[in-house]
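Chain and residue survey
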Number of protein chains: 2
Amino acid sequence: MEQRIHHAGLGAKVMSAEQAAELIDPGMTIGMSGFTGAGYPKAVPQALAARMTASHQHGEAFRVRVLTGASTAPELDGALARADGIDLRLPYQSDPELRGRINRGEMDYIDIHLSHVAQYAWFGLFGKLDLAIIEATAILPDGRLVPSSSVGNNKTWLDLADKVIIEVNHWQPSELDGMHDIYYGTALPPHRKPIPLVNPDDRIGEPYLRCDPEKVIAVVETHAPDRNSAFAPVDETSRQIAGHLIEFFRHEIARGRIPPELLPLQSGVGNIANAVLAGLREAGFRGLTAFTEVIQDGMLDLLAQGVLKVASATSFSLSPKGIDQFLADLEFFRSRIILRTQEISNHPELVRRLGCIAMNGMVEADIYGNVNSTHVAGTSIINGIGGSGDFARNGFMSCFLTPSTAKHGAVSCIVPMVSHVDHTEHDVSILVTEQGLADLRGLSPRQRAHAIIRHCAHPDYRPLLQDYFDRAFRDSKGKHTPHLLAEALSWHERFVEKGDMRP
Amino acid sequence: MEQRIHHAGLGAKVMSAEQAAELIDPGMTIGMSGFTGAGYPKAVPQALAARMTASHQHGEAFRVRVLTGASTAPELDGALARADGIDLRLPYQSDPELRGRINRGEMDYIDIHLSHVAQYAWFGLFGKLDLAIIEATAILPDGRLVPSSSVGNNKTWLDLADKVIIEVNHWQPSELDGMHDIYYGTALPPHRKPIPLVNPDDRIGEPYLRCDPEKVIAVVETHAPDRNSAFAPVDETSRQIAGHLIEFFRHEIARGRIPPELLPLQSGVGNIANAVLAGLREAGFRGLTAFTEVIQDGMLDLLAQGVLKVASATSFSLSPKGIDQFLADLEFFRSRIILRTQEISNHPELVRRLGCIAMNGMVEADIYGNVNSTHVAGTSIINGIGGSGDFARNGFMSCFLTPSTAKHGAVSCIVPMVSHVDHTEHDVSILVTEQGLADLRGLSPRQRAHAIIRHCAHPDYRPLLQDYFDRAFRDSKGKHTPHLLAEALSWHERFVEKGDMRP
């Protein structure tokens, strides 16, 4: 194996994942690397889970509190959840096993704006950070770390934790060296200064993570891939959603509201986001920029073709094919991709300054433009709000995208009243389904209802929504935001009872 | 009357309010000055309302679209609403006549974060701005305006409007000259730069509003007071709320989370806010700062006593007694008060950088920490979200304050599910009622419910809320955020039907 640990003292701390896991105590608060299935520790959490299972078999409690960047993978969230080893988890997760435990009420989960996590940790709101477990690509002679495929909150965990365990992952390309930009200029109020970033590709920090070698209690070498599953091909519904959005962008350019190269794009992960990116290419856009959270396969294509000039993010989320593409043209991509800490990639100051165009998926929207990004029927969490709120609130415009129905038509994604609010009527600009696009900017609640029912609702649900609105306008005590309180959540009730929102 | 119009060309445009109102056409979009009952035009809107009434009597439609800074007064919102002269109003209002029309569905109202208004106008989202009607204290020889008792969106209206009507109000103290700081460094993306403000008292602009004399179609001289009603004395409930919050601040200082001089305070308007300010003085705090929207009477006292070092805002909201106090010690206050545009006073970049402590009232909160700031029973708007969202989302912590009950106990301000969400579970740190304080930071939804029911709910409602939570936890499909959908809004239904939330 190629030598990647260039610090002698840390080289002496190399041990197995099982040995490292022995150094972890029940009740610890642990900050782990990892963001959208990239750059998470792959060995120590599994060894820790094995220890927990053994403890539980002996009737001894062994749970920890787990803080990450965002979602990780089966080797981390899955393994620890299966071992019933997590007391508290934040800020975003997507693991089925973990989600099941949260929704059965067996553990606590806090859903936080991704831009808030690092500062809340610094404020002391999660208690003392006992340990950081951080994946790195390599360790430099002076002990600094070459980050791996995500940055997330690693800077904060390394700075705050009492002890550090480093996983050096030989699977991560050593060519990642130099692609990161770690900003060490943040501070706690009243000592904050302007963040000197004015373009998505500005470098304002340094390429490495500082790490006090004295705090490192173990180094574990791994050779394991990220959770980089291939994306499903773009489906017709996603293509239609993308089409409506891109038509809208052209319209806005024609009206002089946005420049021909748009404004820095923030794009969620998944099929619809990939369809939008592909659609931008097909529509002939060039010279775009991205200031976002995640670099997906679609963005590599756009960079390669000059559609995107530059992409700033905090994480890669590439398929195996995407990684091959990345490595095959490494120097090209190195000069066009920057990975930052998530407190910078999602920072309200920068999102507002750059005027990001936020594009995020959602679970449902109501007829007044409130958006639910996180809950099924108001009670079960799916993944979490992620960074959608950071960009929706502070960006130039906030677009929320979804098919108009789910569960083969049994669920309408446009409802009378959302069962949980993650983005309020004040923060939602544009709603898009395969049916069409509603531009909510400059509209009152009743005008919004008209636009959303007409342009976004599925034809099967449109008459039901219009009927609800008409009766609400007639019978509601207040007619600013007409509602029938006894009926507002009845669609969700029906869905919970019968698996179908339709009466 | 003292000469206040020092520009010859503009002096030639002096006319009566009635003559000026003749220059206004039906259908116009008009940006008016005014923020929390200060600095609004006092004569032209009333003359316009008279014209509208006359037109309506002849069967002719005459309505306009009215954009302001925030709430105004009977002479503006009241007069125009009574004349049925407003088609669309934004972004915040508090006039009973206007509110009645909105809630009867007779006109449109858009409730927007105050920090978003200026940029949305620049983005073109409210259409072309035909006219600005701006109150000023004086006109300088070069045509620039000495602002009056509020700044609000005046810079934006003056820059964007095709035509301008200026009201020079001789009632406004000429000594206001020099107290304002108008920042001309904002831009549209992609041309935005960091805003160079790092302390609440930094001056980053110029004291006057630029105004193209060519656009001015009328100058009207007035001598009329702002809507400066005296505040009610602080009541016992407000004192208790303030007491809990100040005890919490001391606790946070002791834990080293905030400095002894706190962080810049943002404080809503009203009795509770005044109680907090008075409480801070009595508790011995010194050297505090305010970065807020409104200077109330209470802040003058605090400045005079050295409790506050400096206060930055976008408006005065002083009682007649407060104005006397201000004028009696003018030089002292001039050096300690800065009035800015509301895009700066509420700017997310600055609120986050300074780490403001946001303190705002609310209508109701639910057991999971979602806050309703705007609606009665989900349908009738009260005033609007104002700047509470700007500070709650981006500040160091967001405190929401309310008595635990309203309507003599018939309404609980802690409910199972709020009937409208203005601040989501992700954005609410601290809830305070006269019963106590719940620190929601770092808590999961179920932990929040425990804290809110225990510390904030009124004893009459506490068992009802606990019972709801217990049954929801038992019966809810998802137990991350347990709810009984059929019952979640039943308290509001009962209130609408019977005027009482109690079963």
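Residues numbered from 1 in each chain as written. Chains lettered and ligands numbered in written order. Predicted model: local features only at pLDDT ≥ 70, side-chain atom pairs only at ≥ 80, totals over all residues. Heavy atoms only, no water.

1. Some thoughts on the nonpolar core
Stated precisely, the cut-off is as follows: We define a nonpolar core as any set of buried Ala, Val, Leu, Ile, Met, Phe, Trp, Tyr and Cys residues linked to one another through side-chain atoms lying within 4.5 Å. For every residue, the accessible area (1.4 Å probe, protein chains only) is compared with the maximum for its type, and the residue is labelled buried under 20%, exposed over 50%, or partly exposed between those bounds. Between two residues, a contact is recorded if the distance between any of their heavy atoms is within 4.5 Å.
Grouped together as the largest cluster of nonpolar side chains are 156 residues, with contacts concentrated most on L245 and F249 of chain A together with L245 and F249 of chain B. Excluding residues that lie within four positions of it along the chain, L245 of chain B makes contacts with V276, M359, C399, L401, V432 and L437 of chain B. Of all hydrophobic cores here, the second largest spans 73 residues; its members include A365, I453 and Y461 of chain A together with W491 of chain B.

2. Some thoughts on the environment of I258 of chain A
All names here are of chain A. Let me state the cut-off plainly: The helix and strand labels rest on DSSP assignments: H or I over at least four residues marks a helix, E over at least two residues marks a strand, and numbering proceeds from the N terminus.
With respect to the secondary-structure elements, I258 resides in the loop between α8 (236-254) and β10 (265-267). Taking the relative accessible area as the measure of exposure, I258 reaches 3% and is therefore buried. For I258, the residues in contact, after removing those within four places along its chain, are F249, E252, I253, L263 and F396.

3. Let's talk about the UniProt feature "binding site: CoA" (unreviewed entry) in chain A
Residue and element names in this part refer to chain A. This is how the line gets drawn: UniProt positions are given in the numbering used here, feature names are shortened, and annotations may be inferred rather than shown by experiment.
The residues that UniProt annotates with the feature "binding site: CoA" (unreviewed entry) are N383, G387 and K407. Spanning 25 residues, the named residues do not form one spatial group; their C-alpha atoms are separated by as much as 25.7 Å. Inspection of the secondary structure assignment puts G387 in the loop between β20 (380-381) and α15 (388-394). The buried category is assigned to G387, whose relative accessible area is 3%. In contact with G387, other than residues within four places in its own chain, are L114, E293 and N346. Examined against the element boundaries, K407 turns out to sit in the loop between β22 (405-406) and β23 (411-412). Using a relative accessible area of 58% as the deciding quantity, one classes K407 as exposed.

4. A word on the pattern of salt bridges
All names here are of chain A. Stated precisely, the cut-off is as follows: Salt bridges are counted wherever a side-chain nitrogen of Lys or Arg sits within 4 Å of a carboxyl oxygen of Asp or Glu.
Going through the model one piece at a time under the given rule, you end up with 66 salt bridges over all chains. Linking D226 and K42 is a salt bridge whose minimum nitrogen-to-oxygen distance equals 2.6 Å. Taken together, the residues D226 in the loop between β9 (216-222) and α8 and K42 in the loop between β1 (29-32) and α3 (44-57) connect sequence positions 184 residues apart. Side by side, D226 and K42 carry an identical accessibility label, which is buried. Of the charged contacts, one joins D475 and R474 as a salt bridge, the two residues approaching to 2.9 Å between their closest N and O atoms. Using a relative accessible area of 57% as the deciding quantity, one classes R474 as exposed. A single salt-bridge network, built from bridges that share partners, covers R63, D84, D87, R101, R104 and E106.

5. Focus: the domain arrangement of chain A
It is common to report an interface's size as the accessible area lost on association of the parts. All names here are of chain A. Quick note on the threshold: Boundary definitions for the domains trace back to an automatic or database domain assignment. A quick way to say it: buried area is the sum, across both parts, of accessible area lost when two parts are put together, with a 1.4 Å probe.
For chain A, the assigned domains read domain 1 (8-222) and domain 2 (236-498). Centre-to-centre separation of domain 1 and domain 2, based on C-alpha positions: 29 Å. Each partner contributes to the interface: domain 1 provides 47 residues, whereas domain 2 provides 46 residues. Around 3700 Å² of area is buried between domain 1 and domain 2 when both sides are counted, 60% of it from carbon and sulfur atoms. Considering only the surface of domain 1 that becomes buried against domain 2, M179, I195 and P200 emerge as the three largest contributors, covering 19% of it. The interface formed by domain 1 and domain 2 holds two salt bridges in total.

6. Re the sheet that holds strand β24 (residues 414-415) of chain A
All names here are of chain A. Definition in use: Note on pairing: two strands pair once DSSP finds at least 2 bridges between them.
What the three strands build is an open sheet, ordered β18-β17-β24; its pairing is mixed. Each end of this open sheet is capped by a strand with a single partner; those strands are β18 (371-372) and β24. The pairing of strand β17 (residues 364-366) with β18 spans two bridges and is classified as antiparallel. Residue E364 lies in a different strand from β18, and its bridge partner there is N372.

7. Examining unusual backbone geometry
Residues and elements named next belong to chain A. Backbone torsion omega between L90 and P91 reads 0°, so that peptide bond is classified as cis. Despite not being glycine, A377 shows a phi value in the positive range, around 50°. Within the secondary structure, A377 is located in the loop between β19 (375-376) and β20. Unusually for a residue other than glycine, K407 sits at a positive phi of about 50°.

8. Side note on helix α4 (residues 74-82) of chain A
Residues and elements named next belong to chain A. Burial analysis of α4 places seven of its nine residues in the buried class, which makes it a mostly covered element. Every buried residue of α4 is listed here: E75, L76, D77, G78, A79, L80 and A81. Looking at the buried residues of α4, the elements they touch are β1, α3, β2 (64-67), β3 (86-90) and α5 (96-103). D84 sits one or two residues past α4 and shows a positive phi near 50°.

9. As for the packing of aromatic side chains
Working definition: an aromatic ring pair is given by the centre-to-centre distance plus the angle between the planes. The condition that has to hold: Side-chain rings of Phe, Tyr and Trp, where Trp is taken by its six-membered ring, are said to pair if the distance between their centres is within 6.5 Å; with planes under 30 degrees apart they count as stacked, over 60 as edge-to-face, and otherwise as tilted. Placement of a positive charge over a ring is assigned whenever Lys NZ or Arg CZ falls within 6 Å of the ring centre and within 35 degrees of the normal to the ring plane.
With the rule as written, the count across this model stands at 18 aromatic pairs over all chains. Residues Y120 of chain A and F123 of chain A carry aromatic rings whose centres are separated by 6.1 Å and whose planes lie at 35° to one another, so their mutual orientation is tilted. Residue Y120 of chain A and its partner F123 of chain A are both found in helix α6 (residues 114-123); the two are separated by three residues, about one turn of the helix. For the pair Y120 of chain A and F123 of chain A, one class covers both residues: buried. Residues Y120 of chain B and F126 of chain B carry aromatic rings whose centres are separated by 6.4 Å and whose planes lie at 55° to one another, so their mutual orientation is tilted. The two residues Y120 of chain B and F126 of chain B agree in class, both being buried. Among the aromatic residues, those joined into a ring-pair cluster are Y120, F123 and F126 of chain A together with F396 of chain B. The ring of Y40 of chain A has K42 of chain A sitting right over it, with the charged end atom 4.1 Å from the ring centre. One residue, K479 of chain B, lies across the ring of F473 of chain B, its end atom 5.8 Å from the ring centre.

10. Regarding the sheet that holds strand β24 (residues 414-415) of chain B
Residues and elements named next belong to chain B. Pairing is mixed in the open sheet, where three strands are placed in the order β18-β17-β24. At either end of the open sheet lies a strand with only one pairing partner, and these are β18 (371-372) and β24. Where strand β17 (residues 364-366) meets β24, two bridges bridge the pair, whose relative direction is parallel. Along β24, the bridge assignment pairs D366 with V415.

11. Points about the environment of R446 of chain A
Relative to the elements of secondary structure, R446 of chain A occurs in helix α16 (residues 445-455). The spatial distance from the C-alpha of R446 of chain A to the C-alpha of I367 of chain A is 8.6 Å, given a sequence separation of 79 residues. When neighbours within four sequence positions are excluded, R446 of chain A is seen to be in contact with Y368, F469, F473, K479, H480 and P482 of chain A together with I102, G105, M107 and D108 of chain B.

12. Quick look at the relation of the copies chain A and chain B
Where we set the bar: For the least-squares superposition of copies, only C-alpha atoms count, and only for residues with pLDDT at least 70 in both.
It takes a turn of 180° to lay chain A on chain B, together with a shift of 0.0 Å along the axis; the resulting RMSD is 0.0 Å. Such a turn and shift between the copies fits a two-fold axis. Of the C-alpha atoms belonging to chain A, the one lying closest to the rotation axis is found on E349 of chain A, 2.1 Å away.

13. Regarding the pairing of strand β5 (residues 131-139) of chain B
Residue and element names in this part refer to chain B. The buried fraction of β5 is high, at nine of nine residues. Pairing analysis gives three bridges linking strand β1 (residues 29-32) to β5, with the strands arranged parallel. Each residue of the ladder has a partner; that of I30, found in β5, is L131. Note: β5 against strand β7 (residues 163-169), five bridges, orientation parallel. Along β7, the bridge assignment pairs E135 with E167. Bridge count between β5 and strand β6 (residues 145-147): three bridges; the pairing is antiparallel. Bridging from a neighbouring strand, A136 pairs with P147 of β6. Hairpin remark: β5 followed by β6, antiparallel, with five residues in the connecting loop; positive phi at G143, about 95°.

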